[in-house]
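Residues per chain are reported as follows:
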Amino acid sequence: MNKKLFAVLALQGAFAEHQQMLSRIGVDSMLIRNLGDWNDFVSRKGAALIIPGGESTAMTRIIKDENLFEPIRQAILDDLPVFGTCAGLIMLDGKHLGTMNITVRRNAYGRQLGSFYTEGRLQGVNDGGEPLPMTFIRAPYIEDVGNGVKILAEHDGHIIAAQQGKQLVTAFHPELNDDLRIHKYFLSLAS
C-alpha cells in the first residue's frame with residue numbers, strides 16, 4: 001500500500017470517482033471540502049491534489065468562500081503535484097488559480113449535447129500502447145501554452161492534455177473510465 005496521501009477537492013463534480021481510482025491503485029486519499037480539511041491534509045504532509053471536473057465559476061466562488069483559494073494556490077506554486085480534469089484544468093489557468101502557463105477555452109466542444117467519447121494517446125502514458133479512453137463532457141481545450149508547458153495530447157488540432165512541472169491537466173475525464181494509466185502517471189509525478 002502506498003503511504004502517500006492524496007487529496008481530492010470535493011466541492012462538486014466527479015470527486016468520488018477520482019477517489020475510487022486512487023483507491024484502485026493503492027493510494028490513500030481524503031476529500032477537501034473546507035479549510036479545516038485542507039489544514040488536516042497539510043498537517044499530514046499530503047503528497048498531491050486532484051481538482052476534478054465540475055463548473056469552474058462555481059468552484060472558484062466556493063474555494064474563495066471557504067478561504068481555500070490562497071492556500072491551494074500557494075501549495076501548487078510551492079511544487080505540490082496537482083492533476084486537473086476538465087473544470088480542474090480551467091482552475092489552473094491564468095484567469096483562476098494562475099499556476100499553469102495556459103490559456104483555456106471553456107465549453108469548447110459545446111454544451112452537454114456536445115459531449116463525446118474517443119480514444120487516443122497521451123505522451124509518456126501510453127506511447128505505443130493501447131489507446132486511452134477519453135470522455136469529454138462540456139469540455140474545454142487549451143488554446144495556447146507558454147514557457148515550461150509540455151503538450152501531451154491533441155484532438156482535432158486542439159490541445160487536450162498538458163503538463164508543466166508537477167501540474168498535469170486533461171480536458172477529458174479519465175476517472176469516468178476503468179483505465180488507471182493516467183492516475184498512475186500522476187502518481188509518478190508525486191513520487
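Here goes a summary of the coordinates provided.

Quick notes on the rules
Residues numbered from 1 in each chain as written. Predicted model: local features only at pLDDT ≥ 70, side-chain atom pairs only at ≥ 80, totals over all residues. Heavy atoms only, no water. Helix = DSSP H or I, 4+ residues; strand = E, 2+ residues; numbered from the N terminus. Rg over C-alpha atoms; globule rule 2.2 N^0.38 Å. Buried < 20%, exposed > 50% of the residue type's maximum accessible area, 1.4 Å probe, protein only. Contact = heavy atoms within 4.5 Å. Lys, Arg positive; Asp, Glu negative; His and termini not counted. Charge placed at Lys NZ, Arg CZ, Asp CG, Glu CD. Polar contact = N/O pair within 3.5 Å; in protein donor to acceptor, adjacent residues only side chain to side chain. Pairing = 2+ DSSP bridges. Phe/Tyr/Trp six-rings, centres within 6.5 Å; stacked < 30°, edge-to-face > 60°. Lys NZ or Arg CZ within 6 Å of the ring centre and 35° of its normal.

Quick look at the overall build of the chain
From N to C terminus, the chain includes six helices and 11 strands. Relative to the globule expectation of 16 Å for 191 residues, the C-alpha radius of gyration of the chain, 15 Å, shows essentially globular dimensions. By its C-alpha atoms, the chain is 45 × 35 × 35 Å across when sized along the principal axes. Per-residue burial over the chain gives 53% buried out of 191 residues. Considering only contacts in the chain between residues 6 or more positions apart, those separated by 24 or more positions represent 67%. For the chain, the centre of its 19 positive side-chain charges and the centre of its 21 negative side-chain charges are spaced 2 Å apart.

Considerations on the environment of Leu 68
The topology assignment puts Leu 68 in the loop between helix 3 (56-65) and helix 4 (69-77). Taking the C-alpha atoms as reference points, Leu 68 and Ile 32, 36 residues apart in sequence, are found 9.5 Å from one another.

What to know about helix 2 (residues 35-43)
Sitting at the amino-terminal end of helix 2 is Asn 34, which places a side-chain oxygen 3.1 Å from the backbone nitrogen of Gly 36. Among the residues trailing helix 2, Lys 45 stands out with phi positive, at a value near 55°.

Here's the deal with the pairing of strand 11 (residues 167-170)
Residues Gln 167 and Val 169 of strand 11 are buried on one face, and the alternating residues Leu 168 and Thr 170, pointing to the opposite face, are buried as well. Note that strand 4 (residues 82-85) and strand 11 share four bridges and pair parallel. Residue pairing across strands places Thr 85 opposite Thr 170, the latter belonging to strand 11. For strand 10 (residues 158-164) and strand 11, the ladder comprises four bridges, and the chain directions are antiparallel. By the bridge assignment for strand 11, Gln 164 is matched with Gln 167.

Some details on the packing of aromatic side chains
In this structure the tally under the stated criterion is five aromatic pairs. Residues Trp 38 and Phe 41 carry aromatic rings whose centres are separated by 5.3 Å and whose planes lie at 50° to one another, so their mutual orientation is tilted. One end of the pair is Trp 38 and the other is Phe 41, both in helix 2 and three residues apart, which spans about a single turn. When its relative accessible area of 3% is taken as the criterion, Trp 38 is described as buried. For the pair Phe 136 and Phe 172, a centre-to-centre distance of 5.7 Å together with 55° between the ring planes defines the contact as tilted. Here Phe 172 lies in the loop between strand 11 and helix 6 (181-189) and Phe 136 lies in strand 7 (residues 132-136), a separation of 36 residues in the sequence. Phe 172 shares its class with Phe 136; the two are buried. Put simply, the rings of Phe 6, Phe 83 and Phe 186 pair up and form one aromatic cluster. In this structure, Lys 64 packs its charged tip against the face of Phe 69, placed 5.2 Å from the ring centre.

Just distances and angles here, no functional claims.
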